[in-house]
Amino acid sequence: QVQLVESGGGLVQPGGSLRLSCAASGFTFSSYAMSWVRQAPGKGLEWVSDINSGGGDTYYADSVKGRFTISRDNAKNTLYLQMNDLKPEDTAVYYCNVWITPHESYWGQGTQVTVSS
C-alpha cells in the first residue's frame, strides 16, 4: 500500500535552515507529481510546493518562494524540501502528499517544524 514517511523536522531559530525528507513506497514514485503541504497551529492546510514527476518543474506558494526548494530523487523514492531563512510563521506540521488518481490522495504522518528563538 502507499506509504509516505516524513522526517527532518525540529526546532530551529529564525533565519535557520532545515531539510525535510519524505520516503515513499507502495507506488511508482517516479511517475507522480508530489506536493508539500503544511498546517500551522489552529489553521487550515496550506499548500507549500509542487514538483512534477521528473523533477524539472517546480511551483511555490508566494509565502515561501525564494526561501524553500523542493526536489526529488527518483532513484531513492524520496522527496525533499530545503527550507532556508526560516521565519516564525513557517511553524507548522509539514506533510508530503500524492494524488494517485483524481479521487485518491495519500498523506504522510507529518513532521513538526518549529521556528522560535
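Conventions and cut-offs
Residues numbered from 1 in each chain as written. Predicted model: local features only at pLDDT ≥ 70, side-chain atom pairs only at ≥ 80, totals over all residues. Heavy atoms only, no water. Disulfide = S-S within 2.5 Å. Helix = DSSP H or I, 4+ residues; strand = E, 2+ residues; numbered from the N terminus. Buried < 20%, exposed > 50% of the residue type's maximum accessible area, 1.4 Å probe, protein only. Pairing = 2+ DSSP bridges. Axes fitted to C-alpha atoms, helices over the stretch in contact; angles between N-to-C directions. Polar contact = N/O pair within 3.5 Å; in protein donor to acceptor, adjacent residues only side chain to side chain. Contact = heavy atoms within 4.5 Å.

All told, the structure shown has 1 disulfide when counted by the stated rule. Disulfide pairing is shown between C22 and C96; the S-S distance is 2.0 Å. Of note, the bridge from C22 to C96 carries an S-S torsion of about 60° and is right-handed in sense. With a gap of 74 residues between them, C22 in strand β3 (residues 18–25) and C96 in strand β9 (residues 92–101) connect regions that are remote in the sequence. Here C96 falls in the buried class, since its relative accessible area comes to 0%.

This part covers the sheet that holds strand β7 (residues 68–73). Reading across the sheet, the 4 strands line up as β1-β3-β8-β7 and stay open at both edges, with antiparallel pairing between neighbours. Across the chains shown, the open sheet's two edge strands, defined by having one partner strand only, are β1 (3–7) and β7. Each adjacent strand pair in this sheet contributes to an overall mean axis angle of 15°, direction not counted.

Examined against the element boundaries, N97 turns out to sit in strand β9. Among the residues examined, N97 registers a relative accessible area of 4% and is labelled buried. In terms of polar contacts, N97 uses its side chain to reach the side chain of S105, at 2.8 Å. Apart from the residues lying within four places of it in its own chain, the contact partners of N97 are L4, M34, S35, S105, Y106 and W107.

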